[in-house]
Amino acid sequence: MPDSENPATAVTFPPAFLWGAATSAYQIEGAVREDGRTPSIWDTFSHTPGKTAGGDHGDIAVDHYHRYREDVALMAELGLGAYRFSVSWSRVQPTGRGPAVQKGLDFYRRLVDELLSKGIQPAVTLYHWDLPQELEDAGGWPERDTAYRFAEYAQIVGEALGDRVEQWMTLNEPWCSAFLGYASGVHAPGRTDPAASLRAAHHLNLAHGLGASALRSVMPARNSVAISLNSTVARPLSQSPADLAAARKIDDLANGVFHGPVLHGAYPESLYVATAELTDWDYVLDGDLTLINQPLDALGLNYYTPALVSAADPAAKGPRADGHGSSDHSPWPAAEDVAFHQTPGDRTEMGWTIDPTGLHELIMRYTREAPGLPLYITENGAAYDDKIDSDGRVHDPERVAYLHGHLSAVRRAITDGADVRGYFLWSLMDNFEWSYGYGKRFGAVYVDYATLERTPKSSAHWYAKAARTGTLPEVEAV
(Lines give C-alpha, C1' and ligand atoms only; values in the text may rest on other atoms or scores of the structure.)
Protein backbone atom coordinates (compact mmCIF):
# COMPACT_ATOMS: atom_id res chain seq x y z
CA MET A 1 0.00 0.00 0.00
CA PRO A 2 1.45 3.46 -0.90
CA ASP A 3 2.51 5.65 2.01
CA SER A 4 -0.08 8.29 1.11
CA GLU A 5 -2.84 5.72 1.72
CA ASN A 6 -1.56 4.35 5.03
CA PRO A 7 -1.08 6.99 7.73
CA ALA A 8 0.46 4.35 10.04
CA THR A 9 3.45 4.01 7.70
CA ALA A 10 6.37 6.33 8.51
CA VAL A 11 7.20 8.42 5.45
CA THR A 12 10.96 8.89 5.63
CA PHE A 13 13.01 10.87 3.09
CA PRO A 14 16.64 10.40 2.02
CA PRO A 15 19.10 12.22 4.30
CA ALA A 16 20.22 14.64 1.56
CA PHE A 17 16.66 15.63 0.61
CA LEU A 18 16.37 19.43 0.47
CA TRP A 19 13.52 21.01 2.43
CA GLY A 20 12.76 24.52 1.23
CA ALA A 21 10.18 27.22 0.69
CA ALA A 22 9.64 29.62 -2.21
CA THR A 23 8.54 33.18 -2.94
CA SER A 24 8.74 35.65 -5.83
CA ALA A 25 9.98 39.22 -5.96
CA TYR A 26 6.85 41.17 -6.88
CA GLN A 27 4.71 39.20 -4.45
CA ILE A 28 6.77 40.03 -1.37
CA GLU A 29 9.40 42.74 -1.83
CA GLY A 30 7.52 46.03 -2.04
CA ALA A 31 9.84 49.07 -2.28
CA VAL A 32 8.83 49.42 -5.91
CA ARG A 33 10.28 52.92 -6.30
CA GLU A 34 13.42 52.56 -4.20
CA ASP A 35 17.10 52.38 -5.17
CA GLY A 36 16.57 52.84 -8.90
CA ARG A 37 13.89 50.21 -9.50
CA THR A 38 11.61 51.02 -12.45
CA PRO A 39 8.10 49.67 -13.15
CA SER A 40 7.52 46.13 -14.29
CA ILE A 41 4.47 44.92 -16.16
CA TRP A 42 2.96 43.88 -12.84
CA ASP A 43 3.27 47.41 -11.46
CA THR A 44 1.39 48.68 -14.49
CA PHE A 45 -1.17 45.87 -14.56
CA SER A 46 -2.00 45.96 -10.85
CA HIS A 47 -2.53 49.72 -10.98
CA THR A 48 -4.95 49.40 -13.90
CA PRO A 49 -8.53 49.54 -12.57
CA GLY A 50 -10.34 46.22 -12.67
CA LYS A 51 -7.29 44.02 -13.20
CA THR A 52 -6.79 42.79 -9.62
CA ALA A 53 -9.18 41.97 -6.80
CA GLY A 54 -9.87 45.08 -4.78
CA GLY A 55 -7.38 47.05 -6.85
CA ASP A 56 -4.59 45.43 -4.83
CA HIS A 57 -0.98 45.87 -5.89
CA GLY A 58 2.55 45.07 -4.75
CA ASP A 59 3.77 48.55 -3.83
CA ILE A 60 4.40 47.41 -0.26
CA ALA A 61 3.44 43.73 -0.51
CA VAL A 62 4.88 42.25 2.71
CA ASP A 63 7.87 44.64 2.73
CA HIS A 64 10.47 41.90 2.41
CA TYR A 65 12.89 44.43 0.91
CA HIS A 66 13.21 46.03 4.35
CA ARG A 67 12.41 42.98 6.50
CA TYR A 68 14.53 40.32 4.81
CA ARG A 69 16.71 39.75 7.90
CA GLU A 70 13.59 39.09 9.98
CA ASP A 71 12.32 36.74 7.28
CA VAL A 72 15.58 34.82 7.02
CA ALA A 73 15.66 34.46 10.79
CA LEU A 74 12.16 33.00 10.56
CA MET A 75 13.33 30.54 7.90
CA ALA A 76 16.15 29.46 10.19
CA GLU A 77 13.72 28.95 13.08
CA LEU A 78 11.65 26.72 10.80
CA GLY A 79 14.69 24.65 9.91
CA LEU A 80 14.57 25.31 6.18
CA GLY A 81 17.51 23.98 4.22
CA ALA A 82 16.86 26.14 1.16
CA TYR A 83 15.03 29.26 0.06
CA ARG A 84 13.96 29.81 -3.53
CA PHE A 85 13.42 33.47 -4.44
CA SER A 86 13.25 35.45 -7.65
CA VAL A 87 15.20 38.51 -8.68
CA SER A 88 13.33 41.60 -9.84
CA TRP A 89 14.68 42.39 -13.31
CA SER A 90 13.53 46.01 -12.91
CA ARG A 91 15.48 46.31 -9.67
CA VAL A 92 18.86 45.25 -11.03
CA GLN A 93 18.60 46.38 -14.65
CA PRO A 94 15.99 49.15 -14.83
CA THR A 95 14.15 49.33 -18.15
CA GLY A 96 15.64 45.94 -19.10
CA ARG A 97 18.66 47.42 -20.83
CA GLY A 98 22.04 48.82 -19.98
CA PRO A 99 24.26 48.52 -16.93
CA ALA A 100 23.22 47.12 -13.60
CA VAL A 101 22.14 49.30 -10.71
CA GLN A 102 24.44 48.28 -7.89
CA LYS A 103 21.95 49.19 -5.16
CA GLY A 104 19.54 46.68 -6.62
CA LEU A 105 22.16 43.97 -6.85
CA ASP A 106 23.35 44.83 -3.35
CA PHE A 107 19.94 43.87 -1.95
CA TYR A 108 20.28 40.37 -3.37
CA ARG A 109 23.92 40.17 -2.24
CA ARG A 110 22.81 41.00 1.32
CA LEU A 111 19.95 38.49 1.12
CA VAL A 112 22.26 35.72 -0.09
CA ASP A 113 24.83 36.50 2.60
CA GLU A 114 22.12 36.43 5.26
CA LEU A 115 20.84 33.07 4.04
CA LEU A 116 24.31 31.54 3.94
CA SER A 117 25.08 32.84 7.42
CA LYS A 118 22.08 30.83 8.68
CA GLY A 119 23.01 27.68 6.75
CA ILE A 120 20.21 28.09 4.20
CA GLN A 121 20.95 27.37 0.55
CA PRO A 122 19.79 30.18 -1.79
CA ALA A 123 18.08 29.12 -5.02
CA VAL A 124 17.65 31.94 -7.53
CA THR A 125 14.92 32.24 -10.15
CA LEU A 126 15.80 34.91 -12.68
CA TYR A 127 12.30 35.53 -14.04
CA HIS A 128 9.02 35.17 -12.18
CA TRP A 129 6.73 37.13 -14.53
CA ASP A 130 7.85 40.73 -13.81
CA LEU A 131 9.12 41.97 -17.18
CA PRO A 132 10.41 45.58 -17.15
CA GLN A 133 7.62 47.74 -18.54
CA GLU A 134 9.87 49.38 -21.11
CA LEU A 135 10.53 45.98 -22.69
CA GLU A 136 6.79 45.37 -22.88
CA ASP A 137 6.36 48.78 -24.48
CA ALA A 138 8.84 47.59 -27.12
CA GLY A 139 6.71 44.50 -27.78
CA GLY A 140 7.33 42.25 -24.80
CA TRP A 141 7.78 38.50 -25.06
CA PRO A 142 6.21 38.24 -28.54
CA GLU A 143 9.31 40.12 -29.76
CA ARG A 144 12.52 38.16 -30.31
CA ASP A 145 14.74 40.90 -28.91
CA THR A 146 13.31 40.34 -25.42
CA ALA A 147 15.07 36.96 -25.28
CA TYR A 148 18.42 38.63 -25.94
CA ARG A 149 17.73 41.27 -23.30
CA PHE A 150 17.04 38.43 -20.86
CA ALA A 151 20.40 36.84 -21.64
CA GLU A 152 22.18 40.12 -20.78
CA TYR A 153 20.23 40.33 -17.54
CA ALA A 154 21.07 36.70 -16.70
CA GLN A 155 24.77 37.43 -17.16
CA ILE A 156 24.55 40.45 -14.84
CA VAL A 157 22.94 38.46 -12.03
CA GLY A 158 25.15 35.42 -12.60
CA GLU A 159 28.28 37.54 -12.30
CA ALA A 160 27.00 39.15 -9.10
CA LEU A 161 25.80 36.06 -7.27
CA GLY A 162 27.25 33.02 -9.01
CA ASP A 163 30.15 32.68 -6.60
CA ARG A 164 27.76 32.07 -3.69
CA VAL A 165 24.54 30.72 -5.25
CA GLU A 166 24.74 27.21 -6.69
CA GLN A 167 21.10 26.61 -7.67
CA TRP A 168 19.66 28.63 -10.56
CA MET A 169 16.41 28.62 -12.49
CA THR A 170 16.04 30.69 -15.64
CA LEU A 171 12.25 30.99 -15.84
CA ASN A 172 9.34 30.18 -13.57
CA GLU A 173 6.21 28.84 -15.26
CA PRO A 174 6.70 30.27 -18.75
CA TRP A 175 3.23 28.90 -19.59
CA CYS A 176 1.72 31.57 -17.34
CA SER A 177 3.89 34.32 -18.80
CA ALA A 178 2.90 33.40 -22.36
CA PHE A 179 -0.72 32.32 -22.13
CA LEU A 180 -2.16 34.09 -19.07
CA GLY A 181 -0.26 37.24 -20.02
CA TYR A 182 -0.84 37.35 -23.79
CA ALA A 183 -3.86 35.09 -24.52
CA SER A 184 -6.40 35.28 -21.68
CA GLY A 185 -5.11 38.56 -20.25
CA VAL A 186 -5.69 37.63 -16.61
CA HIS A 187 -1.99 38.25 -15.88
CA ALA A 188 0.26 41.12 -16.84
CA PRO A 189 0.56 42.58 -19.40
CA GLY A 190 -3.12 41.72 -19.94
CA ARG A 191 -3.08 41.17 -23.70
CA THR A 192 -5.56 38.91 -25.47
CA ASP A 193 -3.89 37.85 -28.71
CA PRO A 194 -3.59 34.05 -29.06
CA ALA A 195 -1.13 34.24 -31.96
CA ALA A 196 1.09 36.58 -29.95
CA SER A 197 0.95 34.18 -27.00
CA LEU A 198 2.50 31.43 -29.13
CA ARG A 199 5.25 33.78 -30.26
CA ALA A 200 5.78 34.68 -26.60
CA ALA A 201 6.11 31.00 -25.71
CA HIS A 202 8.83 30.50 -28.30
CA HIS A 203 10.76 33.58 -27.23
CA LEU A 204 10.52 32.53 -23.59
CA ASN A 205 12.04 29.20 -24.62
CA LEU A 206 14.74 31.07 -26.50
CA ALA A 207 15.34 33.25 -23.43
CA HIS A 208 15.82 30.11 -21.34
CA GLY A 209 18.42 28.74 -23.74
CA LEU A 210 20.29 32.03 -24.11
CA GLY A 211 20.03 32.70 -20.39
CA ALA A 212 21.38 29.27 -19.47
CA SER A 213 24.37 29.83 -21.74
CA ALA A 214 24.93 33.31 -20.29
CA LEU A 215 24.87 31.96 -16.73
CA ARG A 216 27.34 29.21 -17.53
CA SER A 217 29.70 31.69 -19.16
CA VAL A 218 30.17 33.59 -15.90
CA MET A 219 29.59 31.03 -13.13
CA PRO A 220 31.57 28.15 -11.63
CA ALA A 221 30.96 24.83 -13.35
CA ARG A 222 29.63 23.37 -10.08
CA ASN A 223 26.48 25.49 -10.28
CA SER A 224 23.18 23.94 -11.32
CA VAL A 225 21.07 25.53 -14.09
CA ALA A 226 17.42 24.53 -14.39
CA ILE A 227 13.98 25.78 -15.42
CA SER A 228 10.72 25.50 -13.44
CA LEU A 229 7.71 24.31 -15.45
CA ASN A 230 4.09 24.15 -14.32
CA SER A 231 3.40 21.07 -16.41
CA THR A 232 -0.27 20.10 -16.55
CA VAL A 233 -1.51 16.61 -15.77
CA ALA A 234 -4.22 16.54 -18.45
CA ARG A 235 -6.62 13.63 -18.01
CA PRO A 236 -9.38 12.72 -20.48
CA LEU A 237 -12.96 12.61 -19.20
CA SER A 238 -13.40 9.29 -20.99
CA GLN A 239 -11.40 6.97 -23.21
CA SER A 240 -13.32 8.02 -26.30
CA PRO A 241 -11.13 9.06 -29.26
CA ALA A 242 -12.49 12.61 -29.05
CA ASP A 243 -11.67 13.00 -25.36
CA LEU A 244 -8.24 11.45 -25.80
CA ALA A 245 -7.56 13.92 -28.62
CA ALA A 246 -8.67 16.80 -26.37
CA ALA A 247 -6.25 15.69 -23.64
CA ARG A 248 -3.45 15.41 -26.20
CA LYS A 249 -4.11 18.95 -27.43
CA ILE A 250 -3.99 20.39 -23.92
CA ASP A 251 -0.86 18.36 -23.18
CA ASP A 252 0.80 19.92 -26.22
CA LEU A 253 -0.29 23.46 -25.28
CA ALA A 254 0.64 23.10 -21.62
CA ASN A 255 3.65 20.83 -21.71
CA GLY A 256 4.99 20.01 -25.16
CA VAL A 257 5.33 23.66 -26.10
CA PHE A 258 8.02 23.98 -23.41
CA HIS A 259 9.50 20.61 -22.58
CA GLY A 260 9.57 19.64 -26.26
CA PRO A 261 12.27 22.14 -27.26
CA VAL A 262 13.87 22.38 -23.80
CA LEU A 263 14.31 18.64 -23.24
CA HIS A 264 14.15 17.18 -26.74
CA GLY A 265 15.11 19.99 -29.14
CA ALA A 266 11.80 19.98 -31.05
CA TYR A 267 8.22 21.16 -30.80
CA PRO A 268 5.62 18.37 -31.12
CA GLU A 269 4.37 18.03 -34.68
CA SER A 270 0.85 17.78 -33.28
CA LEU A 271 1.28 21.25 -31.77
CA TYR A 272 2.10 22.68 -35.18
CA VAL A 273 -0.99 21.02 -36.63
CA ALA A 274 -3.28 22.14 -33.79
CA THR A 275 -2.22 25.80 -34.03
CA ALA A 276 -1.93 26.08 -37.83
CA GLU A 277 -4.99 28.36 -37.95
CA LEU A 278 -3.12 30.91 -35.82
CA THR A 279 0.52 30.72 -36.88
CA ASP A 280 2.97 29.06 -39.23
CA TRP A 281 5.70 29.30 -36.56
CA ASP A 282 7.95 31.23 -38.94
CA TYR A 283 9.56 32.90 -35.93
CA VAL A 284 11.34 29.63 -35.10
CA LEU A 285 14.59 30.43 -36.86
CA ASP A 286 17.38 28.10 -37.89
CA GLY A 287 19.45 27.27 -34.83
CA ASP A 288 16.79 28.28 -32.30
CA LEU A 289 15.98 24.76 -31.20
CA THR A 290 19.65 23.99 -30.64
CA LEU A 291 19.99 27.16 -28.54
CA ILE A 292 16.93 26.20 -26.48
CA ASN A 293 18.00 22.58 -26.00
CA GLN A 294 20.78 23.39 -23.53
CA PRO A 295 21.87 20.59 -21.22
CA LEU A 296 20.09 20.98 -17.89
CA ASP A 297 21.53 20.17 -14.48
CA ALA A 298 18.05 19.72 -12.97
CA LEU A 299 14.38 20.28 -13.73
CA GLY A 300 11.91 22.12 -11.51
CA LEU A 301 8.30 20.94 -11.42
CA ASN A 302 5.44 23.05 -10.06
CA TYR A 303 2.19 21.24 -9.30
CA TYR A 304 -1.14 22.19 -7.74
CA THR A 305 -4.00 20.25 -9.36
CA PRO A 306 -4.74 18.09 -12.41
CA ALA A 307 -6.92 19.03 -15.37
CA LEU A 308 -9.90 17.00 -16.60
CA VAL A 309 -10.81 17.62 -20.24
CA SER A 310 -13.09 16.39 -22.98
CA ALA A 311 -14.16 17.28 -26.47
CA ALA A 312 -16.40 20.34 -26.22
CA ASP A 313 -20.14 20.15 -26.69
CA PRO A 314 -20.96 23.06 -29.02
CA ALA A 315 -24.33 23.45 -27.32
CA ALA A 316 -22.90 23.72 -23.82
CA LYS A 317 -22.50 27.16 -22.29
CA GLY A 318 -20.84 28.31 -19.11
CA PRO A 319 -17.53 29.44 -17.65
CA ARG A 320 -14.29 27.67 -18.56
CA ALA A 321 -13.37 25.51 -15.55
CA ASP A 322 -9.62 25.38 -16.12
CA GLY A 323 -8.67 27.08 -12.85
CA HIS A 324 -6.81 29.95 -14.50
CA GLY A 325 -9.00 32.93 -13.70
CA SER A 326 -12.06 34.48 -15.25
CA SER A 327 -11.77 35.92 -18.75
CA ASP A 328 -13.76 36.03 -21.95
CA HIS A 329 -10.53 35.00 -23.66
CA SER A 330 -9.01 31.55 -23.36
CA PRO A 331 -5.39 30.87 -22.38
CA TRP A 332 -5.52 27.84 -24.68
CA PRO A 333 -4.87 28.97 -28.29
CA ALA A 334 -6.82 27.07 -30.94
CA ALA A 335 -8.48 24.86 -28.29
CA GLU A 336 -12.07 26.02 -28.58
CA ASP A 337 -12.97 22.37 -29.19
CA VAL A 338 -11.81 21.38 -25.69
CA ALA A 339 -13.93 21.56 -22.53
CA PHE A 340 -12.57 21.62 -18.97
CA HIS A 341 -14.36 19.91 -16.08
CA GLN A 342 -14.07 20.14 -12.32
CA THR A 343 -12.39 17.04 -11.00
CA PRO A 344 -14.15 15.43 -8.03
CA GLY A 345 -12.87 15.80 -4.50
CA ASP A 346 -12.10 18.42 -1.87
CA ARG A 347 -10.88 21.79 -3.10
CA THR A 348 -8.64 24.56 -1.85
CA GLU A 349 -9.68 28.20 -1.56
CA MET A 350 -8.58 28.60 -5.19
CA GLY A 351 -11.21 26.06 -6.23
CA TRP A 352 -8.46 23.60 -7.21
CA THR A 353 -9.09 19.93 -6.52
CA ILE A 354 -6.70 18.28 -4.06
CA ASP A 355 -5.15 15.28 -5.81
CA PRO A 356 -1.66 14.13 -4.78
CA THR A 357 -1.78 11.34 -7.38
CA GLY A 358 -1.28 14.02 -10.03
CA LEU A 359 2.04 15.00 -8.48
CA HIS A 360 3.22 11.39 -8.47
CA GLU A 361 2.11 11.04 -12.09
CA LEU A 362 3.96 14.21 -13.09
CA ILE A 363 7.19 13.14 -11.40
CA MET A 364 7.12 9.72 -13.00
CA ARG A 365 6.43 11.22 -16.42
CA TYR A 366 9.58 13.35 -16.29
CA THR A 367 11.55 10.47 -14.82
CA ARG A 368 10.73 8.63 -18.05
CA GLU A 369 11.13 11.61 -20.39
CA ALA A 370 14.40 12.87 -18.95
CA PRO A 371 16.13 9.86 -17.39
CA GLY A 372 19.05 10.79 -15.20
CA LEU A 373 17.94 14.39 -14.75
CA PRO A 374 17.51 15.35 -11.06
CA LEU A 375 14.06 16.74 -10.23
CA TYR A 376 12.97 19.32 -7.68
CA ILE A 377 9.43 20.17 -6.72
CA THR A 378 9.90 23.93 -6.95
CA GLU A 379 6.30 24.84 -6.05
CA ASN A 380 3.50 22.99 -4.33
CA GLY A 381 1.00 24.28 -1.80
CA ALA A 382 -2.54 25.38 -1.10
CA ALA A 383 -4.56 28.50 -0.33
CA TYR A 384 -7.02 28.45 2.56
CA ASP A 385 -9.07 31.09 4.36
CA ASP A 386 -6.72 31.30 7.32
CA LYS A 387 -7.67 33.32 10.41
CA ILE A 388 -5.68 34.32 13.45
CA ASP A 389 -7.40 33.20 16.66
CA SER A 390 -7.84 35.00 19.97
CA ASP A 391 -4.62 33.45 21.27
CA GLY A 392 -2.66 34.82 18.32
CA ARG A 393 -2.31 31.44 16.61
CA VAL A 394 -3.24 30.30 13.11
CA HIS A 395 -4.45 26.72 12.91
CA ASP A 396 -4.59 25.34 9.35
CA PRO A 397 -5.12 21.58 9.52
CA GLU A 398 -6.30 21.51 5.89
CA ARG A 399 -2.91 22.72 4.69
CA VAL A 400 -1.14 20.20 6.91
CA ALA A 401 -3.19 17.41 5.36
CA TYR A 402 -2.47 18.80 1.89
CA LEU A 403 1.27 18.84 2.52
CA HIS A 404 1.25 15.38 4.07
CA GLY A 405 -0.57 13.97 1.05
CA HIS A 406 1.66 15.62 -1.54
CA LEU A 407 4.93 14.94 0.24
CA SER A 408 3.84 11.31 0.60
CA ALA A 409 3.33 11.26 -3.17
CA VAL A 410 6.86 12.62 -3.63
CA ARG A 411 8.29 9.93 -1.38
CA ARG A 412 6.33 7.26 -3.25
CA ALA A 413 7.84 8.54 -6.52
CA ILE A 414 11.32 8.27 -5.00
CA THR A 415 10.52 4.68 -4.02
CA ASP A 416 9.39 4.10 -7.60
CA GLY A 417 12.77 5.21 -8.91
CA ALA A 418 12.45 8.98 -9.36
CA ASP A 419 15.47 11.13 -8.52
CA VAL A 420 13.68 13.88 -6.60
CA ARG A 421 16.25 15.93 -4.70
CA GLY A 422 14.07 18.46 -2.87
CA TYR A 423 10.74 20.18 -2.25
CA PHE A 424 9.99 23.91 -2.07
CA LEU A 425 6.75 24.73 -0.31
CA TRP A 426 4.67 27.47 -1.90
CA SER A 427 4.74 29.75 -0.16
CA LEU A 428 6.92 30.80 2.71
CA MET A 429 4.40 33.45 3.71
CA ASP A 430 1.14 35.03 2.65
CA ASN A 431 1.65 37.59 -0.10
CA PHE A 432 0.24 39.38 -3.12
CA GLU A 433 -1.43 36.60 -5.09
CA TRP A 434 -1.36 38.24 -8.53
CA SER A 435 -4.80 39.05 -9.93
CA TYR A 436 -6.39 37.68 -6.74
CA GLY A 437 -4.74 40.44 -4.72
CA TYR A 438 -4.38 39.69 -1.03
CA GLY A 439 -7.50 37.54 -0.83
CA LYS A 440 -5.78 34.16 -1.22
CA ARG A 441 -3.35 32.97 1.44
CA PHE A 442 -0.81 30.33 0.39
CA GLY A 443 1.71 30.98 3.16
CA ALA A 444 2.99 28.70 5.88
CA VAL A 445 3.51 31.98 7.72
CA TYR A 446 0.51 34.25 8.29
CA VAL A 447 0.96 37.93 7.48
CA ASP A 448 -1.26 40.59 9.05
CA TYR A 449 -1.45 42.96 6.10
CA ALA A 450 -2.26 45.94 8.33
CA THR A 451 0.79 45.54 10.57
CA LEU A 452 2.93 43.16 8.45
CA GLU A 453 3.48 41.02 11.55
CA ARG A 454 4.50 37.45 10.70
CA THR A 455 2.96 34.47 12.57
CA PRO A 456 3.93 30.89 11.68
CA LYS A 457 0.83 28.78 11.11
CA SER A 458 0.48 25.26 12.44
CA SER A 459 1.51 24.05 8.96
CA ALA A 460 4.82 25.91 9.37
CA HIS A 461 5.52 24.09 12.63
CA TRP A 462 4.53 20.78 11.02
CA TYR A 463 6.81 21.42 8.03
CA ALA A 464 9.64 22.47 10.34
CA LYS A 465 9.41 19.14 12.15
CA ALA A 466 9.43 17.30 8.81
CA ALA A 467 12.51 19.25 7.71
CA ARG A 468 14.34 18.53 10.98
CA THR A 469 13.55 14.81 11.06
CA GLY A 470 13.22 13.86 7.41
CA THR A 471 9.99 12.10 8.35
CA LEU A 472 6.43 13.31 7.89
CA PRO A 473 4.72 13.88 11.25
CA GLU A 474 1.16 12.72 11.70
CA VAL A 475 -1.38 15.23 10.40
CA GLU A 476 -2.67 15.81 13.93
CA ALA A 477 0.83 16.50 15.31
CA VAL A 478 0.72 20.30 15.04
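Residues numbered from 1 in each chain as written. Predicted model: local features only at pLDDT ≥ 70, side-chain atom pairs only at ≥ 80, totals over all residues. Heavy atoms only, no water.

The chain carries the name Beta-glucosidase in an unreviewed UniProt entry, which gives Streptomyces coeruleorubidus as its organism. UniProt lists a comment for the chain under the heading Catalytic activity (unreviewed entry), and it reads "Hydrolysis of terminal, non-reducing beta-D-glucosyl residues with release of beta-D-glucose." (UniProt positions renumbered as here; feature names shortened; annotations may be inferred.)

Visitor: I'm lost on the packing of aromatic side chains in this one. Help?
Guide: Given two aromatic rings, their pairing is described by the distance between the two centres and the angle made by the two planes. On inspection of all chains with the given rule, the structure shows 37 aromatic pairs. Seen in terms of ring centroids, Tyr65 and Phe107 are 4.5 Å apart; in terms of plane orientation they differ by 35 degrees. Their pairing is tilted. Of this pair, Tyr65 sits in helix α3 (residues 64–77) while Phe107 sits in helix α5 (residues 102–117), and the two are 42 residues apart along the sequence. Measuring from ring centre to ring centre gives 4.7 Å for Trp89 and Tyr153, while their planes differ by 10 degrees; the resulting arrangement is stacked. Linking Trp89 in helix α4 (residues 89–92) with Tyr153 in helix α7 (residues 145–161), this pair joins segments that are 64 residues apart in sequence. Accessibility classification places Trp89 together with Tyr153 in one group, the buried group. The rings of Tyr26, Trp42, Phe45, Trp129, Phe432, Trp434, Tyr438 and Tyr449 are connected pair by pair, giving a single aromatic cluster. Above the face of the Tyr366 ring, Arg365 is positioned so that its terminal group lies 5.9 Å from the ring centre. (Phe/Tyr/Trp six-rings, centres within 6.5 Å; stacked < 30°, edge-to-face > 60°. Helix = DSSP H or I, 4+ residues; strand = E, 2+ residues; numbered from the N terminus. Buried < 20%, exposed > 50% of the residue type's maximum accessible area, 1.4 Å probe, protein only. Lys NZ or Arg CZ within 6 Å of the ring centre and 35° of its normal.)

Visitor: How should the UniProt feature "active site" (unreviewed entry) in the chain be read in this particular structure?
Guide: Taking the numbering used here, the UniProt-annotated feature "active site" (unreviewed entry) corresponds to Glu379. If you trace the backbone, Glu379 turns up in strand β10 (residues 375–380). For Glu379, a relative accessible area of 3% puts it in the buried group.

Visitor: Could you clarify how one ought to interpret the sheet that holds strand β7 (residues 299–302) in this entry?
Guide: Strand pairs in the sheet, formed through backbone hydrogen bonds, run parallel or antiparallel to each other. Pairing within the closed barrel is parallel, and its eight strands lie in the order β1-β2-β3-β4-β5-β7-β10-β11. Strand-to-strand twist of the sheet, defined as the mean angle between neighbouring strand axes without regard to direction, takes the value 25 degrees. Pairing analysis gives five bridges linking strand β1 (residues 18–22) to strand β11 (residues 420–426), with the strands arranged parallel. Bridging from a neighbouring strand, Trp19 pairs with Tyr423 of β11. Docked against the sheet, α5 engages β2 (82–86) and β3 (121–127), running at close to 170 degrees with respect to β2. (Pairing = 2+ DSSP bridges. Axes fitted to C-alpha atoms, helices over the stretch in contact; angles between N-to-C directions. Contact = heavy atoms within 4.5 Å.)

Visitor: In this structure, what is going on with the packing of helix α10 (residues 241–264) against helix α13 (residues 356–369)? I would like to understand it.
Guide: Between two packed helices, both the angle of their axes relative to each other and the distance between the axes serve to describe the pair. Interhelical geometry of α10 versus α13 gives an angle of 35 degrees and a closest axis separation of 12 Å. At the point where α10 passes α13, the crossing takes the right-handed sense. On α13, the residues that touch Asp251, Asn255, His259, Leu263 and His264 of α10 are Arg365, Tyr366 and Glu369. Among the residues forming the contact of α10 with α13, the class breakdown is two nonpolar, three polar and three charged. (Left-handed = near helix turned anticlockwise from the far one by under 90°. Nonpolar A, V, L, I, M, F, W, Y, C, P; charged D, E, K, R; others polar.)

Visitor: Honestly, the nonpolar core in this entry has me stumped. Any pointers?
Guide: A general trend in soluble globular proteins is that nonpolar side chains are found buried together. Counting 155 residues, the largest nonpolar core has Trp141, Ile363 and Val410 as the members making the most contacts within it. A total of 10 residues in this core trace back to one element, the largest contributor, which is helix α9 (residues 194–218). Apart from the residues lying within four places of it in its own chain, the contact partners of Ile363 are Leu301, Leu375, Ile377, Val410, Ala413, Ala418 and Val420. (Core = buried A, V, L, I, M, F, W, Y, C linked by side-chain atoms within 4.5 Å.)

Visitor: Would you mind showing me how to read α5 here?
Guide: Three- or four-residue spacings in an α-helix give side chains the same orientation, since the helix completes a turn every 3.6 residues. For α5, spanning 16 residues, the distance from its first C-alpha to its last is 22 Å, which sits close to the expected 22 Å at 1.5 Å a residue. Buried residues of α5: Gly104, Leu105, Phe107, Tyr108, Leu111, Val112, Glu114 and Leu115, and no others. In this structure, the buried residues of α5 make contact with α1 (25–28), α3, β2, α4, β3 and α7. In the stretch just after α5, Gly119 is the one whose phi turns positive, near 75 degrees. (Expected span 1.5 Å × (residues − 1).)

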